[in-house]
Amino acid sequence: MAHYVAIIEDAGPDDVSLWFPDLPGCISGGDDVDEALENAPEALAFYAQELTEDGRQLPPPRTLEELKADPELADDLRNHTAVLIEWPPLADPE
C-alpha cells in the first residue's frame, strides 16, 4: 500500500490546511488537524479521479527522505508537520 506525504499547515484559528507535495493542487482542510486528516483521503480520491478522467495516473509517491532532499520543500518540511496518507484508503468496515 502506498503512502503520500502530506504537509499540515495551521492557516489561522479554526482553519487547518493539508497539501500533498507530490500532487500539485491536491489539498484538504478542516476546522482542526483531525478534520483535515479525515478529509485527506477524499481529497486524494477526487484528485485521482480527475487525473483518470484526463487519461493520467497518480504519480508514484516519494518518501519523506526524498522530499526532504528537495530544496523547494525543505523549509515546508522543517516548519510544518508531515504525515502519511494511505492510498488507496482502506475500506470502512461495514
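These lines cover the structure that appears in this document, whether it is placed above or below. (Residues numbered from 1 in each chain as written. Predicted model: local features only at pLDDT ≥ 70, side-chain atom pairs only at ≥ 80, totals over all residues. Heavy atoms only, no water.)

1. Remarks on the sheet that holds strand S2 (residues 15–19)
So the rule is basically this: In this description, strands pair whenever DSSP reports at least two bridges between them. Runs of H or I in DSSP of at least four residues are treated as helices and runs of E of at least two as strands, each being numbered from the N terminus. Angles here are taken between N-to-C directions and fall from 0 to 180 degrees, while the axes themselves are lines fitted to C-alpha atoms, restricted in helices to the stretch in contact.
What the 4 strands build is an open sheet, ordered S3-S2-S1-S4; its pairing is antiparallel. Every interior strand has two partners, whereas the edge strands, strand S3 (27–30) and strand S4 (81–87), have only one. When the angles between neighbouring strand axes are averaged without regard to direction, this sheet yields 30 degrees. Inspection of the sheet shows S2 paired to S3 by 4 bridges, in the antiparallel sense. Bridge pairing in S3 places Val16 opposite Gly30.

2. Description of the nonpolar core
Condition: Residues enter a nonpolar core if they are buried and are Ala, Val, Leu, Ile, Met, Phe, Trp, Tyr or Cys, with the set joined through side-chain atoms within 4.5 Å. Any residue under 20% of the maximum accessible area for its type is buried, any over 50% is exposed, and the rest in between are partly exposed; the area is computed with a 1.4 Å probe on protein chains only. Any two residues whose heavy atoms approach within 4.5 Å at even a single point are treated as in contact.
By size, the foremost hydrophobic cluster in this structure holds 19 residues, and its most contacted members are Leu18, Phe20, Leu23, Leu44 and Leu58. At the level of secondary structure, the elements contributing two or more residues to this core comprise strand S1 (2–12), S2, helix H1 (33–53) and S4. Take this core: its biggest share by element is 7 residues, from H1. Those residues within four positions of Leu58 in sequence are excluded, and the remaining contacts are Tyr4, Leu23, Tyr47, Ala48, Leu51 and Trp87. Grouped together as the second largest cluster of nonpolar side chains are 5 residues, Ile7, Leu67, Leu73 and Leu77 included.

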